[in-house]
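Examination of the molecular architecture
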Amino acid sequence: MNMDVLVSLSKRRGFVFQSSEIYGGTGSCWDYGPLGVELKNNIKRVWWRDFVQTRADMVGIDASILMHPTVWKASGHLDRFTDPMVDCRECKRRFRADHVDAVSWVHYCPATKGNKFTIPAGEPCGHCGQRRTLCPECGKGELTAPRQFNLMFKTFMGPVEEDAALTYLRPETAQAMFVNFDNVLQSMRLKLPFGIAQAGRSFRNEITPGNFIFRTREFEQMEIEYFVNPNERVEGRPADEYWHDRWIQDCMAWFGRYGLRAENLRLREHDRDELAHYAKRTVDVEYNFPIGWSELMGIANRTDFDLRQHAKWSGKSLTYFDEERKEHVVPYVVEPAAGVDRALLAFMADAYREEEVRGEKRVVLRFHPELAPLKIAVLPLLKKRDDIVGAAQTIRADLAQHWRVVYDDTAAIGRLYRRQDEVGTPYCVTVDVQTVGDSERGEAGDRRVTIRERDSMEQIRVPIAQLVTVFRELFDGASWSQLAEQYPPARG
Ligand code: GAP
């Protein structure tokens, strides 16, 4: 599947727009539209429910983006959160030195009188055999030697722009969990193992952002810092190693539960030489994005690095008192760190299907019902009949007390169904003549409506009075086929 298809659908149907588009756009920043914000909120909501709300060993925080600048000295971000970059001396474009061979390159071939070719990444020219040495973009300029570039955005606190007021937009949400470790431990009287979770914005001045919302300069993370006692053993293994594997399994299962197909998910173990400075072991969950297999989230064993560093730089003790062993320990931490935007991209890519229905193409986003931005669309079969429109609007208002529901009467019914399929709405409710009857002929309506299910396109007739109960069952996990058995099919 092509990324352009998703970019275009996202814009057309209000999922994602380019930021400041009317001014030509800002590099690598994106705005979530009316459906995008619902989808994003749903992802964060189920993540919070599954990993915080329902677990006795988890709590959450919501920390400020601007933190004391020493946080970033202690964490190592000031000294080590860098990427090597190279500049083209001719066109001035900038590349990550370690990514420059991963893009196709422009070549003026001496063996063909200087004809211009675009050659696939990493391959030599088929005519002269040369490999890339110059700028891959313009094909003319030499590249500078690699220089380290810090990815943190600088800003100033207060009205004076001086060094003392310099601080940074956080490049990860994680550090707030470490610096609040003791506040959370004391206020919530927690026992190891326990975790602190946070979902919020992070900022990185990426050298080569791109691929839609995959790599951007402003993004959201959902991170967990799960603290364990390194002196404990669980099932015969050191607690940190046991919990690391448990989190890897739980995260994989979570993505599967909300619809990512197993064949599009895999784990990748970091090699020793690519491990971050704080990590004992890191495993990435990778997804087969439209750009190929890439990191969806990382799950690292950060040891006691962060708590020790913050204790050292702040002069405050960041330990846990182990009642059984009567000793103070510095907990180890396992960190499942996911990107909200990347998760959204994966859920969208996986949900996207093109199907043929009665000789016509149907585009459908098969979102898990919990993630779907719109849960129900209420559609009147005839928009000229005031009684049908009135009944449909009342139904919308009633259902909207519980779920995100829309009303649409701007096209014929077939078209309206296709529109809802394309944005992944799991159910449509149709109000027709049978529902309301015909008062002029003295015919009473049956007060039943049609519910149409997105994936099977099956339709059943359900009394209006039972709609809330039926949808509650469906959104609580009842299968469509179980439910459909209890009601007569609608005439299609
Ligand atoms: N606290 C650890 C940490 O931040 P990371 O691997 O740098 O680890 C975690 O980031 C996740 O955040 C990534 O797996 C990815 O999903 C997301 N992420 C990181 N940089 C991103 C960017 N520039 N744009 C979008 N998402 C990003």
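Quick caveat, the model's predicted, so the values are computed rather than measured. (Residues numbered from 1 in each chain as written. Predicted model: local features only at pLDDT ≥ 70, side-chain atom pairs only at ≥ 80, totals over all residues. Heavy atoms only, no water.)

What to know about the side chain of Glu38
Here is the rule we go by: To qualify as a helix, a DSSP run of H or I must reach at least 4 residues; to qualify as a strand, a run of E must reach at least 2; elements of each kind are numbered from the N terminus. N or O atoms within 3.5 Å of each other form a polar contact, as long as, within protein, one can give a hydrogen and the other can take it, and as long as residues adjacent in sequence are counted only when both atoms are side-chain atoms. We call two residues in contact when some of their heavy atoms are within 4.5 Å.
Relative to the assigned elements, Glu38 resides in helix H2 (residues 34-53). Only 2.9 Å separates the side chain of Glu38 from the side chain of Arg404, close enough to count as a polar contact. With residues near it in sequence (within four places) discarded, Glu38 still touches Pro373 and Arg404.

Quick word on the layout of surface pockets
Selection criterion: Put plainly, a pocket is an open set of points on a 1 Å grid over the protein atoms alone with protein on both sides within 12 Å along at least five of seven lines, a cavity is a set where a 1.4 Å probe fits but cannot get out, and a lining residue has an atom within 4 Å of a point. Grid points are joined across faces, edges and corners, and a volume is the space filled by probe spheres set on the points. Classification used: nonpolar for Ala, Val, Leu, Ile, Met, Phe, Trp, Tyr, Cys and Pro, charged for Asp, Glu, Lys and Arg, polar for all others including Gly.
Estimates place the volume of the second largest pocket at around 290 Å³. Lining the second largest pocket are 14 residues, with Leu381, Asp432, Thr450, Gln459 and Arg491 sitting closest to its centre. Elements with a minimum of two residues in the lining of the second largest pocket: helix H11 (413-423), helix H12 (433-436) and strand E29 (459-463). Residues of the lining of the second largest pocket, tallied by class, amount to six nonpolar, five polar and three charged.

Points about the site of the ligand
Definition in use: A cutoff of 4 Å decides nearness: a residue is near a molecule or strand if any of its heavy atoms lies inside that distance of it.
Taken together, 20 residues surround the ligand, and among them Glu172, Arg204, Thr216, Glu223 and Glu295 come closest. Within the side chain of Glu223, one N or O atom sits 2.5 Å away from a nitrogen atom of the ligand. Contacts to the ligand include Arg302, whose side-chain N or O atom sits 3.5 Å from a nitrogen atom. Elements represented by at least two residues in the shell around the ligand include exactly strand E12 (218-228), strand E17 (292-303) and strand E20 (332-339). In terms of residue count, E17 provides more of the shell around the ligand than any other element does, five residues in total. Considering only residue class, the shell around the ligand consists of seven nonpolar, four polar and nine charged.

A closer look at the pairing of E17
So the rule is basically this: Under the scheme applied here, a residue whose accessible area is under 20% of the maximum for its type counts as buried, over 50% as exposed, and between as partly exposed, the area being computed with a 1.4 Å probe on protein chains only. Pairing between strands is defined by DSSP: at least two bridges between the two strands are required.
With nine of 12 residues buried, E17 lies mostly within the body of the structure. Pairing analysis gives nine bridges linking strand E16 (residues 281-289) to E17, with the strands arranged antiparallel. From the neighbouring strand, Glu286 faces E17, where its bridge partner is Glu295. The turn linking E16 back onto E17 is made up of two residues. Bridge analysis of E17 against E20 gives six bridges, and the strand direction is antiparallel. When the sheet's bridge partners are listed, Gly298 is paired in E20 with Ala337.

Remarks on the packing of H2 against helix H7 (residues 239-257)
Two numbers describe a pair of packed helices, the interaxial angle and the distance between the axes. As a reminder of what qualifies: Think of each axis as a best-fit line through the C-alpha atoms, taken over the contacting stretch in the case of a helix, with angles from 0 to 180 degrees between the N-to-C directions. Put simply, angles under 35 degrees are roughly parallel, angles over 145 are roughly antiparallel, angles from 65 to 115 are roughly perpendicular, and the rest are oblique. Definitions for this section: a left-handed crossing has its near helix turned counterclockwise from the far helix by less than a right angle. A right-handed crossing has that turn clockwise.
Two elements in contact, H2 and H7, have axes whose closest approach is 12 Å; the angle formed by their N-to-C orientations is 140 degrees. Classed by the angle they form, the pair H2 and H7 counts as oblique. Classified by chirality, the crossing of H7 by H2 is right-handed. Between H2 and H7, the contacting residues are Ile43, Val46, Trp47, Arg49, Asp50 and Phe51 on the first element and Trp247, Asp250, Trp254 and Arg257 on the second. Of the residues contributing to the contact of H2 with H7, the split by class is six nonpolar, no polar and four charged.

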